[in-house]
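Each chain, written out:
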Amino acid sequence: MEAIKLNIERLCDGIQLHPEAKRLVLDYDMDAIEYESAKRHFYEDYMSFFEKEEQLRGHRVRLLYLFIRFAVDLYEEYKTREIDDSVYYDTFSDIRIWCMDCKRQFGEFGLQEYRWFKEHLRLRLFRLGRLQFHPYTMTSDVVVAGKRVYENQIVLNVHIPAGEPLDADKVDASFERARRFFRGVEPVFVCHSWMLEPKLSQILKADSNILQFQRHFTVYRLNPDSRQAEERIFQQVCSDYSEYPESTELQRSAKSFLLAGQKLGAASGIKI
């Protein structure tokens, strides 16, 4: 058990988990039989695993503990695949990000967006610098700049982790790393995000990081009813726009835009 705790501590430090959250994980009481049962359940049927876990008292802290343990167990597979430690720690730094989000929303360290981590823990998603990538199957044909991307073609889905500026040079470096990392996948990238909402050009400066990120992609589908933009910009979704905070320039601009009767949705884009 001491060896396990040392490995847990190494991961917690590597992802810079909050000290209080780290202590909760190190002090969590779960015997080997219960742990192995939970791990087997997750990998055999993650949907019923989630359904069972979310019924338990204190499930957010429990899932933080379990997913850190699962990530610790994956370290040897990373080494077998000759994946750098930096990618391992960067990928699982998502635990820190969502743990802090749980603290903000629910007043406790743990995980609420736990379903998202099935991708990380099944070696389907990796953070390569500023961006995250995972292989994704196209659901329809898309034609961009005269080139067709086919339904069922494997492409690379792009995610933008919170917590850092979306600097253009870091974004460029991430795309280049992804091309090298996923050598068996054609370098076609897709992104489904509020950051691709075309109307953002009406509220952001032309040299903003978000608009520079948008220029990597050609939008092929709009989702005007999505409220992801509000959730990400204001960390909440309100029926009354006047209740939104105005702590940042983006919040002030977005709030004015919404109060003027406009909407901010989301969009899907592709980069070839």
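Provided above is the structure to which this section pertains.
**Q** Sorry if this is basic, but what is going on with unusual backbone geometry here?
**A** In most cases, non-glycine residues show a negative phi, while peptide bonds are predominantly trans. Non-glycine residue Gln-16 carries a positive phi angle of around 60°. According to the relative accessible area criterion, Gln-16 is exposed, its value standing at 60%.

**Q** Explanation requested: the pattern of salt bridges in the structure shown.
**A** Opposite charge on two side chains permits pairing when their charged atoms draw close. Evaluated as defined, the whole model comprises 20 salt bridges. A salt bridge links Glu-34 to Arg-62; its shortest N-O distance comes to 2.8 Å. Here Glu-34 is found in helix H3 (residues 32-44), whereas its partner Arg-62 is found in helix H5 (residues 59-80), with 28 residues between them in sequence. For Glu-34, a relative accessible area of 33% gives the class partly exposed. On the basis of relative accessibility, which here comes to 9%, the residue Arg-62 falls in the buried class. In this structure, the salt-bridge partner of Lys-118 is Glu-119, at a minimum N-O distance of 3.6 Å.

**Q** Help me out: how do you make sense of the pairing of strand E8 (residues 266-271) in this one?
**A** Across a regular strand the side chains alternate sides, sitting on one face of the sheet and then on the other. Along E8, 6 of the 6 residues are buried, which leaves the element largely enclosed by surrounding structure. Residues Ala-266, Ser-268 and Ile-270 point to one face of E8 and Ala-267, Gly-269 and Lys-271 to the other, with burial holding for every one of them. Here 5 bridges tie strand E6 (residues 189-193) to E8, and the two strands are oriented antiparallel to one another. Pairing of Phe-189 across the sheet is with Lys-271, part of E8. Pairing between strand E7 (residues 218-223) and E8: 5 bridges, direction antiparallel. Bridging from a neighbouring strand, Thr-218 pairs with Ile-270 of E8.

Calculation notes
Residues numbered from 1 in each chain as written. Predicted model: local features only at pLDDT ≥ 70, side-chain atom pairs only at ≥ 80, totals over all residues. Heavy atoms only, no water. Buried < 20%, exposed > 50% of the residue type's maximum accessible area, 1.4 Å probe, protein only. Salt bridge = Lys/Arg side-chain N within 4 Å of Asp/Glu carboxyl O. Helix = DSSP H or I, 4+ residues; strand = E, 2+ residues; numbered from the N terminus. Pairing = 2+ DSSP bridges.

The values reported here are purely geometric and, on their own, carry no functional implication.
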